[in-house]
Amino acid sequence: MRTIIEGFAVETTDDLIFTVKGLLHPPARVIAYLRYLPHPAGERARGSVRYRRVYRFEQQEAILEARYPTYLAHDAVLGLRVQSVPRGRVRRVYDPRQYLAALRQRGPDDPLEQEALSLSSLLCESTRVAPESLGVSGSLMLGLHRPDSDLDLIVYGEQAAREVHGTVRDLLHEADSSLRRPTQEQLAALHAQHRPDTPLSFQAFAQLQSRKVNELRFRGRETFIRFVKHPEEVAERYGDRRFEGLGPAKISARVTDDSEAIFTPCRYVVEDARLGDGSPVTDLRKIVSYRGRFSDQIRAGEWTLARGELERVTDVTEEGRLSYRRLVVGGRAGDTLLARQGRHELP
């Protein structure tokens, strides 16, 4: 089976549709989260079949536990139970790049498809990025979009991602650009959408959004751009590291390296970390997230206040075993990642 990575989707023999997370997957399964399932009263339709979209993680877990437990499995490398699809149950793989290439060839059938073509053309014309580096994911790729659906674009490959990121940042400052940051009203709606999982004040949320380029408006339509490395650009294979959950934690730390911040998954290298009670965590090296909403939020030299799951990481190398800790943000409701100019106590 082909390499299946972040941004792809898989449809199962049970007619479920999962969205794929991350670049590394166990040999027999694909780590992915339930997104759509057939339902007679579903709000989405493809042909004669109606689908229900499942938004929240807790709802996904409850549905799988009750009706489809085969899609929940303990992963020995990650050290926890994850939603995942046995490769033998994958009936169809959706590749964002293949979808966009096919769309270019056949032409658009509706306004959202036209805007996907227009945005990808704008980015290719404004950069040296090849069209093959771009893809379209989400409901449009799956044929389950509605007239008001968001536009989800993906840039694959480190060099292409950095070039597109810089170009989008510049275009957002041009007066006649078709790319715009959300208005205050649009920010308020986005804040309400994020708040159940990421409880921030509107002021804090707006401050974070003002420095990011991945959530924007293209010709007025809500648009999300995700930046994803190729698997061969990551110096890690599944099983090179093992993870052990240590429970939820609040930390403050100084970010020393933000070079991987724009990607999904994103990574921030940190030092001088302390728990919420002020006790030091001398071996906390990284803050990571597998959710695009936490990418590109903290700059090198800034302090961060974060809530997430503390994990022990064991690297298996030729020289032996190296152990340290990391904080994973975005795995549960209530996780946050905030930027500060200096150290502050966590609330």
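Above this text is the structure in question.
A brief report on the enclosed structure follows. (Residues numbered from 1 in each chain as written. Predicted model: local features only at pLDDT ≥ 70, side-chain atom pairs only at ≥ 80, totals over all residues. Heavy atoms only, no water.)

**Here we look at helix H5 (residues 158-171)**
This is how it is decided: Only DSSP runs of H or I covering at least 4 residues are called helices, and only runs of E covering at least 2 are called strands; the numbering of each starts at the N terminus. What a helix is expected to span follows from its residue count: subtract one and scale by 1.5 Å. For every residue, the accessible area (1.4 Å probe, protein chains only) is compared with the maximum for its type, and the residue is labelled buried under 20%, exposed over 50%, or partly exposed between those bounds. Contacts are residue-level and defined by heavy atoms, with any inter-residue pair within 4.5 Å sufficient.
With 14 residues, H5 extends 20 Å between its outermost C-alpha atoms, agreeing within 8% with the 20 Å of an ideal straight helix rising 1.5 Å per residue. Among the residues of H5, those classed as buried are Ala-160, Ala-161, Glu-163, Val-164, His-165, Gly-166, Thr-167, Val-168 and Leu-171. Looking at the buried positions of H5, the neighbouring elements they touch are helix H3 (111-126), strand E10 (151-156), strand E11 (179-180), strand E12 (215-218) and strand E13 (221-228).

**Brief notes about the packing of helix H6 (residues 184-194) against helix H7 (residues 202-209)**
In plain terms, the rule: For every element, the axis is a line fit to its C-alpha atoms; helices are fit only across the contacting stretch, and the angle between N-to-C directions ranges from 0 to 180 degrees. Angular relationships are summarised with four words: roughly parallel below 35 degrees, roughly antiparallel beyond 145, roughly perpendicular across 65 to 115, and oblique for the angles in between. Side-chain classes follow a simple rule in which Ala, Val, Leu, Ile, Met, Phe, Trp, Tyr, Cys and Pro form the nonpolar group, Asp, Glu, Lys and Arg form the charged group, and the remainder, Gly included, forms the polar group.
Where H6 contacts H7, the axes come no closer than 10 Å and their chain directions differ by 110°. One element, H6, and the other, H7, form an angle in the roughly perpendicular class. Of the residues in H7, those in contact with Gln-184, Leu-187, Ala-188, Leu-190, His-191 and His-194 of H6 are Phe-202, Phe-205, Ala-206 and Gln-209. In the contact of H6 with H7, the residues fall into six nonpolar, four polar and no charged.

**Focus on helix H2 (residues 96-106)**
Residues spaced three or four apart along an α-helix point in a common direction, a consequence of the helix completing one turn every 3.6 residues. As a reminder of what qualifies: By arc we mean the arc of the directions from the helix axis to the C-beta atoms, nothing more.
Within H2, the full set of buried residues consists of Pro-96, Tyr-99, Leu-100 and Leu-103. Mapping the buried residues of H2 onto a view down its axis gives an arc of 95°, with all of them on the same face. Residues of H2 that are buried sit in contact with strand E8 (90-94), H3, strand E9 (134-136), helix H4 (138-142) and E10. At the C-terminal side of H2, Gly-107 shows a positive phi close to 90°.

**As for the packing of aromatic side chains**
Condition: Stacked, edge-to-face and tilted are the three classes for Phe, Tyr and Trp ring pairs, Trp counted by its six-membered ring, which pair at centre distances within 6.5 Å; planes under 30 degrees apart are stacked, over 60 edge-to-face, the rest tilted. Two conditions define a charge located above a ring, namely a distance within 6 Å from the ring centre to NZ of Lys or CZ of Arg, and an angle within 35 degrees of the ring normal.
Per the stated rule, a full pass over the model turns up four aromatic pairs. Judged by centre distance (6.4 Å) and plane angle (85°), the ring pair of Phe-8 and Tyr-156 falls under edge-to-face. Of this pair, Phe-8 sits in the segment before strand E1 (9-12) while Tyr-156 is found in strand E10, placing the two residues 148 residues apart along the sequence. By relative accessible area, Phe-8 is classed as buried at 1%. Overall, the relative accessible area of 0% leaves Tyr-156 in the buried class. Within the aromatic cluster, the residues linked to one another by ring pairs are Phe-18, Tyr-68 and Tyr-71. The ring of Phe-263 carries the charged tip of Lys-229 above its face, separated from the ring centre by 5.2 Å.

**Details of the pattern of salt bridges**
So the rule is basically this: Salt bridges are identified by distance alone: a Lys or Arg side-chain nitrogen within 4 Å of an Asp or Glu carboxyl oxygen.
In total, this model carries 32 salt bridges according to the counting rule given. Close ionic contact of Lys-229 with Glu-158 constitutes a salt bridge, the shortest N to O distance being 3.8 Å. With a gap of 71 residues between them, Lys-229 in the loop between E13 and strand E14 (241-260) and Glu-158 in helix H5 connect regions that are remote in the sequence. Classification of Glu-158 by relative accessible area gives partly exposed; the value is 24%. A salt bridge links Glu-236 to Arg-241; the shortest N-O distance between them is 2.5 Å.

**Looking at the pairing of strand E6 (residues 72-75)**
So the rule is basically this: Pairing between two strands is assigned when DSSP locates at least 2 bridges connecting them.
Judged from the four bridges that link them, E6 and strand E7 (residues 80-86) form a sheet pairing that is antiparallel. Among the inter-strand pairings, Asp-75 is bridged to a residue of E7, identified as Leu-80. The hairpin formed by E6 and E7 contains four residues between the paired strands, and Gly-79 there has a positive phi angle of roughly 75°.

**Quick look at the sheet that holds E11**
The strand order E9-E10-E13-E12-E11 describes an open sheet built from five strands, whose pairing is mixed. What marks the edges here is a single partner per strand, and that holds for E9 and E11. The pairing of E11 with E12 spans two bridges and is antiparallel. Counted as the bridge partner of Leu-179 is Phe-218 from E12. Packed on one face of the sheet, H2 meets E9 and E10 and runs near 90° to E9.

**Notes on unusual backbone geometry**
Going from Thr-264 to Pro-265, the amide bond is cis rather than trans, its omega being 0°. Among the secondary structure elements, Pro-265 is positioned in the loop between E14 and strand E15 (266-275). Notably, Asp-15 is not glycine yet its phi reads approximately 70°, a positive angle. Relative to the assigned elements, Asp-15 resides in the loop between E1 and strand E2 (17-20).

**Thoughts on the side chain of Thr-336**
Secondary-structure assignment places Thr-336 in strand E19 (residues 336-340). A relative accessible area of 2% means that Thr-336 is categorised as buried. Apart from the residues lying within four places of it in its own chain, the contact partners of Thr-336 are Thr-198, Pro-199, Leu-200, Phe-294, Leu-305, Ala-306, Arg-307 and Val-329.

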